[in-house]
Amino acid sequence: MIGTLDVVVLDCPDPRVLARFYAELLGGEIVGFDDDWAEVALPFTDHRPILAFQQVADYRAPEWPGQDVPQQSHLDVKVDDLDAGETAVLAIGATATGSVTDTFRVYLDPAGHPFCLISPND
């Protein structure tokens, strides 16, 4: 195991609105928010993983069942050490995107879906 699932992130135009919707739908609790991010803890998870909602400029809703505008989400995977985690995910087929901060790094899975490795204090 390289890490643990920490966050499932959905792109959206208004994080607070979507967080309220999913908190009501799933019986969760909004545990954090700011202008472009909101988090919902689910009652059956002991607060991890959480659902998060990320504001995206010029958001376009997915088209279903078509894929002209594909589904928009990504996983955050918590690792103890970002360097070791990076080595491990690259070894199993991930691609580094070059998007790096002190607390997270973004990669693409073999099919091109983005996911993040995040540090324990993120």
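Residues numbered from 1 in each chain as written. Predicted model: local features only at pLDDT ≥ 70, side-chain atom pairs only at ≥ 80, totals over all residues. Heavy atoms only, no water.

Draft legend 1. Highlighting unusual backbone geometry. Positive phi, normally seen in glycine, also occurs at aspartate 58, with a value near 55 degrees. Tracing the backbone through its elements, the reader meets aspartate 58 in the loop between β4 (50–55) and β5 (73–78). Residue aspartate 58 is classed as exposed on the basis of its relative accessible area of 74%. (Helix = DSSP H or I, 4+ residues; strand = E, 2+ residues; numbered from the N terminus. Buried < 20%, exposed > 50% of the residue type's maximum accessible area, 1.4 Å probe, protein only.)

Draft legend 2. Structural detail: the environment of arginine 60. With respect to the element layout, arginine 60 can be found in the loop between β4 and β5. Given a relative accessible area of 53%, arginine 60 falls into the exposed group. Taking the C-alpha atoms as reference, arginine 60 lies 9.4 Å from glutamine 72; in sequence the two are 12 residues apart. Leaving out residues up to four positions away in the same chain, arginine 60 has contacts with Val69 and Gln72. (Contact = heavy atoms within 4.5 Å.)

Draft legend 3. Broad picture of a nonpolar patch on the surface. Nonpolar side chains collect at one region of the surface, where Phe21, Leu25 and Leu26 lie side by side and expose about 280 Å² of accessible area between them. Tracing the chain through its elements places phenylalanine 21 in helix α1 (residues 15–26). (Patch = residues over 30% accessible without salt bridge, like charges linked within 9 Å, V, L, I, M, F, W, Y side chains within 5 Å. Areas by Shrake-Rupley, 256 points an atom, 1.4 Å probe, with all protein chains shown as cover. Salt bridge = Lys/Arg side-chain N within 4 Å of Asp/Glu carboxyl O.)

Draft legend 4. Structural view of the pattern of salt bridges. Scanning all chains against the criterion turns up four salt bridges. For arginine 48, the salt bridge is made with aspartate 6, and the minimal N-O distance between the two is 2.7 Å. With arginine 48 in the loop between β3 (37–41) and β4 and aspartate 6 in strand β1 (residues 4–12), the pair connects residues that are 42 residues apart, well separated along the chain. Close ionic contact of aspartate 6 with lysine 78 constitutes a salt bridge, the shortest N to O distance being 3.6 Å. Placement of the pair is aspartate 6 in strand β1 and lysine 78 in strand β5, with a sequence separation of 72 residues. With a relative accessible area of 4%, aspartate 6 lands in the buried category. Several salt bridges converge on common partners, so that one network encompasses Asp6, Arg48 and Lys78.

Draft legend 5. Broad picture of helix α2 (residues 82–91). Restricting attention to buried positions, one finds in α2 the residues Leu82, Gly85 and Val89. One side of α2 holds all its buried residues, which, seen down the axis, span an arc of 60 degrees. Opposite the buried face of α2, by more than 90 degrees, sit the exposed residues Thr87 and Ala91. Next to the buried residues of α2 lie β7 (104–108) and β8 (114–118). Where α2 begins, the capping side chain belongs to aspartate 81, and its oxygen is found 2.9 Å from the backbone nitrogen of aspartate 83. (Arc of directions from axis to C-beta. Polar contact = N/O pair within 3.5 Å; in protein donor to acceptor, adjacent residues only side chain to side chain.)

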